[in-house]
Amino acid sequence: MKMFEKLQDRHNQVILFFAIFISVLLFRLFGLTIVEGDKYKKIADEIRIKKIPISAPRGEIRDRYGRPLAVNKPSFTVQMMKNELIDEKINEVSVKLLDILIKNHEKYDDNFPIKIQKDNQFYYTYDQEISQWIYDHQHLLNGREMQSLKNAEDVFELLRENLQIDPSLDVFEAQMEMQTKHDIYPPISVKTMKFIPQMQKENFLEGYNLNKELNAEEAFQALKEKFQISGNYSKEDIRNILLIRNQLREQGYRQYQPVKIALNVSSKTVTEIEERSMELPGINIEVEPIRYYPNDRLVSHVIGYLGKMSESDKDRLIQELDYSPNDLSNNEKNQILVNELGYLSNDLIGKDGLERTFEKDLKGKDGARYVEVDVYGRLINVLREEKPEKGKTIYLSIDAKLQKIAEDALEQALKEIQVGGTFKSKFGDYKYRETFRNATSGAVVALDVKTGEVLALASYPSFNPNLFATGISAEDWKSVQDDNPRDPLSPVPLYNVATRTAVQPGSIFKMITGLAAIEQGLDPAKQLYDDGYIKLGNRNFGCWLWNDYKRKHGWVDLYKALEVSCNYYFYNVSTGWDHFKNQSLGISMNVDKVLEYAKIFGLDEPTGVEIYESAYGVPNPSKKMVTMQSLLKRDIRAKAKDYFEEEVLSDKHKLEEIVEKITSWMEENPSRGTLIDRISKMPVKKEKVEALADLVKFSYFNQAKWTKGDTFNLSIGQGQHAYTPIQMANYIATLANGGYKHSVSVIKKVGSEKDSENNEEKKGQKLPLKNPKNLDHVKKGMERVTQGDEGTGRTVFRNFPINVVAKTGTAQRSGKIQPKNEAAYLRKYLRWIAPNISIAAIEEKTKEIIKEDKDKYKDEGMAMRKAIKELSKGKITDATLDQYKDNYDNFAWFVSYAPYDDPQIAVVSLIFQGGHGGYAAPIAREIIAEYLGLNKEYDKIYLKNTLTN
């Protein structure tokens, strides 16, 4: 009670309050200084001391003998130090610095996403990136442009449909199939179903607290005001200021860290910057190593190239550290990249080839400069420095000298085939009898048959990776892109044909069909009569000799069949039936057996090479009907406006129901009359009922089931086969070495690791053959290709001193080559295509069509085609419109190994639209000659003089 009375006194209350307050304060102070003192000391030190990464010199790439392929050379780098600049000076310094760089034609880092066209129109580079990707992939998007595609989901679904991806797969699985099976990487986040550049644009605007709906010009003006840029500057100067401002912003609070403005500048630029140093505070010149490829284009598709780190690169690197990129902000990602991986946001990293695959090994271990900074992040003092450790040197299995021979021979062959010229060689000139002017791409692969090591791998056209060493310019980037996206066979310098392009193998597949038959009991010496062609229903399956010259090979065994490449023989053995005598061959053979042996040789899987490769697998007969259903759905949807009434066209759900119903009849394959009856009950235009029924019946239903004709096609390497040159090279190497399949590799060793001497590993995986000696029969037939009187490769190797085993292959490619500009093509040939229709009428009708349906006919050429057909009242068809376009020519394959009695090297060459398999043979001859020492020159020894002395 007495205590309570004391507390009534206000004086005592004040004393008590302060006593409690001081006690709490002392308690908290004790906790901070004694209990958690070390923790907060560390935090304080980290605020005060910062780490500036010092990039390690990138590891070198060398050939198997140590010859340099990718090294580093010192260069001058222009840097800006924000902590040495007051904010008011940044605008002025930025303009002066960029003026110097532009005047001296220096490449500088330009990541500012708002650009100005010549007509003073502003645009976001993000939008351009999306539009460019869609333009480059119009052949997969039904010719549609960006304006006609509503959103990312629209693009993704259209890609999914046209690539025939299983509709039951979820979007993540579908995306994986696009990337791995079709080598298509749409710039779409399937998680949000937005274009990735669109998301980057939103992040950019949010970073400056700007409205996400601002167009490029509005954002430009808002940023001009934000940074108080004087109106006295030109638009170009303002953009240069914003460019630098944006780079500084990306630096965040790391003002102590230099911003790299330009790499590898000239000594002239260095001198000018040094002379004007008083006008350019905060601008420094540093000497740094940059990537250098001393042989320019040599081995470029294997080595790869560098590029500025993209958002997807960041996510990939972060994911390798077991973080989930989707759960991190951009700031958190950048912190992980800097602190744990040693990357800055504008660093160049490996984007393709070995530069990408071995990025971690090549990067090395960065050093660091520890500096003291103030509360604003400005540098006060340099405390200490840790030297960087250079990245590991990678030694390739490739021989640079052999690679040069391969690249030169490939280029010479292509150029001579285009003009019907002569392949010049010390081993005999080879005259190309026919001209194939579209033979503009090709590849060649050489393997060590005993190890699976790549000795040479060339793809044409190629590119110079030095273009990417400091960041590629827009002009240079355009020069290495596809010049005609409408033509899927248009040459693309960046594209590695050897590992990424899978095409039909043609006759080089026949060794697998022959071996499969021998393994089932076929006597390889048994002669079968080639009667020219086999008639199945209303189709003739002819031997090439019959198709071209109406002649027959007569009696042939396996050896002769390989020598002359007799299709008829392989039709017989693939089905176990003698079609001339109309009796069984006494062996159990079918398409499944043929494909089983294709899988045994590794054609159903990637080869294991360390750079990106495509592998589509062997055909699957059971999926033929599913594929045909998918194709039919796509065809009906594309022609919906021609067939269906408006009530269907305006209801997407109803259209899908009808499409699904029609395709569901495929397995039943009803008669034409039944189809007409069923379709007539649907909301189909009356005059189009029969046309739709005929399309469904004859183009799809009748082709859906697997037939003997399909087996015939697969047996000779046609049909649904699709393999890359490197897959075929491994198949030939496996056949040559007696049946041991290796994992293909371009790497000899990484860093200081020792070469593997494990004999079991070198021997490879033994094929599960019934009798490995059966391979000898196939080899004997292949030897006759170059040594036999009628061998398809005898001309090239007639006087060659080494016995080469080989097979030629000619793979068919149907279709018309699409011109770069469809409208220009139509105008050029209009007077022959539509002599009775005026160009004025066609152009007027074209404008009407585009106006009526901008979504479908944004492309003028497609609208013009429709206009011509309508004005001719259907008399002019697609075939008439396309009659002046070139047909695709056949692919030319040549597979080989040497020597016959002791195989050392396997060489496979492929020429797109090369016409004849033998046309690719001179390339292989040059490589084999170099590898086996035929080009070596020895000092002449004169025995007479030697003996006399």
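Residues numbered from 1 in each chain as written. Predicted model: local features only at pLDDT ≥ 70, side-chain atom pairs only at ≥ 80, totals over all residues. Heavy atoms only, no water.

## Here we look at the overall build of the chain
Thinking step 1. Looking only at helices and strands, the chain features 41 helices and 30 strands.
Thinking step 2. Referenced to the eigenvectors of the C-alpha coordinate spread, the extents of the chain come out at roughly 125 × 100 × 75 Å.
Thinking step 3. Burial analysis of the chain (949 residues in total) assigns 50% to the buried set.
Thinking step 4. With an accessible surface of roughly 46,700 Å², the chain has 48% of that area assigned to carbon and sulfur atoms.
Thinking step 5. Both charge centroids of the chain, one from 136 positive and one from 138 negative side chains, sit 3 Å from each other. (Helix = DSSP H or I, 4+ residues; strand = E, 2+ residues; numbered from the N terminus. Buried < 20%, exposed > 50% of the residue type's maximum accessible area, 1.4 Å probe, protein only. Areas by Shrake-Rupley, 256 points an atom, 1.4 Å probe, with all protein chains shown as cover. Lys, Arg positive; Asp, Glu negative; His and termini not counted. Charge placed at Lys NZ, Arg CZ, Asp CG, Glu CD.)

## Some words on the sheet that holds strand S28 (residues 805-811)
Thinking step 1. Strand order in the open sheet made by the five strands is S18-S17-S30-S29-S28, with antiparallel pairing throughout. Whereas interior strands pair on both sides, the edge strands pair on one side only; in this sheet they are strand S18 (454-460) and S28. Neighbouring strand axes in the sheet, compared pairwise and without regard to direction, differ in orientation by 5° on average.
Thinking step 2. Bridge count for strand S17 (residues 442-448) against S18 is six bridges, and the pairing is antiparallel. Directly across from valine 445, in S18, lies its bridge partner leucine 457.
Thinking step 3. Most of the contacts of helix H32 (residues 725-736) go to strand S30 (residues 905-911), to which it runs at about 150°, and overall it touches S17, S18, strand S29 (891-898) and S30. (Pairing = 2+ DSSP bridges. Axes fitted to C-alpha atoms, helices over the stretch in contact; angles between N-to-C directions. Contact = heavy atoms within 4.5 Å.)

## Let's talk about the packing of helix H25 (residues 624-638) against helix H28 (residues 652-663)
Thinking step 1. Contact geometry for H25 and H28: axes closest at 10 Å, N-to-C directions at 140°. By the criterion of interaxial angle, the relationship of H25 to H28 is oblique. Like other packed secondary-structure pairs, H25 and H28 cross with a definite hand, here right-handed. Residues Gln629, Leu632, Lys633, Ile636 and Arg637 of H25 lie in contact with H28, whose contacting residues are Glu656, Val659, Glu660, Ile662 and Thr663.
Thinking step 2. Class assignment for the residues of the contact of H25 with H28 results in four nonpolar, two polar and four charged. (Parallel < 35°, antiparallel > 145°, perpendicular 65-115°, else oblique. Left-handed = near helix turned anticlockwise from the far one by under 90°. Nonpolar A, V, L, I, M, F, W, Y, C, P; charged D, E, K, R; others polar.)

## Notes on unusual backbone geometry
Thinking step 1. In this model, tyrosine 460 is joined to proline 461 through a cis peptide bond whose omega is 0°.
Thinking step 2. For proline 461, the position within the fold is in the loop between S18 and helix H18 (474-479).
Thinking step 3. Look at the link from alanine 898 to proline 899: it is a cis peptide, with omega at -15°.
Thinking step 4. Structurally, proline 899 is set in the loop between S29 and S30.
Thinking step 5. Even without glycine at this site, methionine 193 takes up a positive phi of about 55°.
Thinking step 6. Relative to the helices and strands, methionine 193 resides in the loop between strand S6 (188-189) and strand S7 (194-195).
Thinking step 7. Under the relative-accessibility criterion, methionine 193 is labelled buried at 18%.
Thinking step 8. Phi is positive for asparagine 209, close to 55°, though the residue is something other than glycine.

## Notes on the side chain of threonine 724
Thinking step 1. Along the chain, threonine 724 falls in the loop between helix H31 (708-715) and H32.
Thinking step 2. For threonine 724, a relative accessible area of 0% corresponds to the buried category.
Thinking step 3. With near-sequence residues (within four places) excluded, threonine 724 lies in contact with Ala498, Thr499, Arg500, Thr501, Ala502, Ser614 and Trp893.

## Section: the pairing of S17
Thinking step 1. The element S17 is largely enclosed, with a buried count of seven among its seven residues.
Thinking step 2. Of the two faces of S17, the one lined by Gly442, Val444, Ala446 and Asp448 and the one lined by Ala443, Val445 and Leu447 are each fully buried.
Thinking step 3. The hairpin turn running from S17 into S18, its antiparallel successor, is five residues long, and glycine 452 in that turn takes a positive phi close to 80°.
Thinking step 4. Here S17 runs beside S30; their pairing, made up of seven bridges, is antiparallel.

## As for helix H6 (residues 152-162)
Thinking step 1. Most of H6 is tucked away, with eight of its 11 residues classed as buried.
Thinking step 2. The opening residue of H6, the one whose side-chain oxygen lies 3.2 Å from the backbone nitrogen of glutamate 153, is asparagine 151.
Thinking step 3. Where H6 terminates, the next one or two residues include glutamine 164, which has phi positive at roughly 55°. (Polar contact = N/O pair within 3.5 Å; in protein donor to acceptor, adjacent residues only side chain to side chain.)

## A closer look at the confidence of the model for the chain
Thinking step 1. Predicted confidence across the chain gives a mean pLDDT of 86, with 91% of residues reaching 70 or more.
Thinking step 2. Contacts of residues 938-949 to residues separated by more than four positions or lying in other chains number one contact, the stretch itself having pLDDT below 50. (pLDDT = per-residue confidence, 0-100.)

## Description of the side chain of arginine 245
Thinking step 1. You can see arginine 245 is positioned in helix H10 (residues 235-251).
Thinking step 2. Each residue touching arginine 245, except ones within four places of it in the same chain, is listed here: Asp87, Ile90, Asn91, Tyr208 and Phe227.

## Some words on a nonpolar patch on the surface
Thinking step 1. The grouping of Val14, Phe17, Phe18, Phe21, Ile22, Leu25, Leu26 and Leu29 at the surface amounts to a nonpolar patch, some 800 Å² of accessible area in total.
Thinking step 2. In this fold, phenylalanine 21 is placed in helix H2 (residues 10-35). (Patch = residues over 30% accessible without salt bridge, like charges linked within 9 Å, V, L, I, M, F, W, Y side chains within 5 Å. Salt bridge = Lys/Arg side-chain N within 4 Å of Asp/Glu carboxyl O.)

## Some points on the packing of aromatic side chains
Thinking step 1. Under the defined criterion, the tally for this structure stands at 30 aromatic pairs.
Thinking step 2. Between tyrosine 430 and tyrosine 432, the aromatic rings sit 5.2 Å apart at their centres with planes inclined by 80°, giving edge-to-face as the arrangement.
Thinking step 3. A centroid spacing of 6.3 Å and a plane angle of 85° characterise the contact between phenylalanine 468 and tryptophan 477, whose relative ring orientation is edge-to-face.
Thinking step 4. One aromatic cluster is present, built from ring pairs that chain together Phe112, Tyr126, Phe204, Tyr208 and Phe227.
Thinking step 5. Between the NZ or CZ atom of arginine 384 and the centre of the ring of tyrosine 370, over which it lies, the distance is 4.0 Å.
Thinking step 6. Arginine 678 extends its terminal NZ or CZ atom over the ring of tryptophan 665, reaching a point 5.0 Å from the ring centre. (Phe/Tyr/Trp six-rings, centres within 6.5 Å; stacked < 30°, edge-to-face > 60°. Lys NZ or Arg CZ within 6 Å of the ring centre and 35° of its normal.)

## Remarks on the state of the cysteines
Thinking step 1. Using the criterion set out here, one finds zero disulfides in the structure.
Thinking step 2. The thiol sulfur of cysteine 543 is not disulfide-bonded, and the nearest other cysteine sulfur, from cysteine 566, lies at 4.0 Å. (Disulfide = S-S within 2.5 Å.)

## A word on the pattern of salt bridges
Thinking step 1. One pass over the full model with this rule turns up 60 salt bridges.
Thinking step 2. With a shortest N-O distance of 2.6 Å, glutamate 272 and lysine 103 are connected by a salt bridge. With glutamate 272 in helix H11 (residues 267-275) and lysine 103 in helix H4 (residues 87-103), this residue pair connects regions lying 169 residues apart in the sequence.
Thinking step 3. The class of glutamate 272 is buried, set by a relative accessible area of 13%.
Thinking step 4. The salt bridge involving aspartate 429 is made with lysine 424; its shortest N-O contact spans 3.6 Å.
Thinking step 5. The exposure class of aspartate 429 is partly exposed, given its relative accessible area of 48%.
Thinking step 6. Judged by relative accessible area, which is 54%, lysine 424 ranks as exposed.
Thinking step 7. Where salt bridges share partners, they join Lys89, Glu92, Lys96, Lys103, Glu272, Arg276 and Glu279 into one cluster.

## As for helix H5 (residues 125-136)
Thinking step 1. Between its terminal C-alpha atoms H5 stretches 16 Å, which fits the 16 Å expected from 12 residues at 1.5 Å a residue.
Thinking step 2. Those residues of H5 not exposed but buried are Thr125, Tyr126, Ile130, Trp133 and Ile134.
Thinking step 3. Packed against the buried residues of H5 are strand S4 (114-116), strand S5 (122-124), H6, S7 and helix H8 (196-207). (Expected span 1.5 Å × (residues − 1).)

## Digging into the pairing of strand S3 (residues 68-80)
Thinking step 1. Note that strand S2 (residues 61-62) and S3 share two bridges and pair antiparallel. Residue pairing for S3: isoleucine 61 is matched across the bridge by alanine 70.
Thinking step 2. In this sheet, strand S8 (residues 259-265) lies alongside S3 in antiparallel orientation, the contact comprising four bridges. Bridge pairing in S8 links methionine 80 to valine 259.

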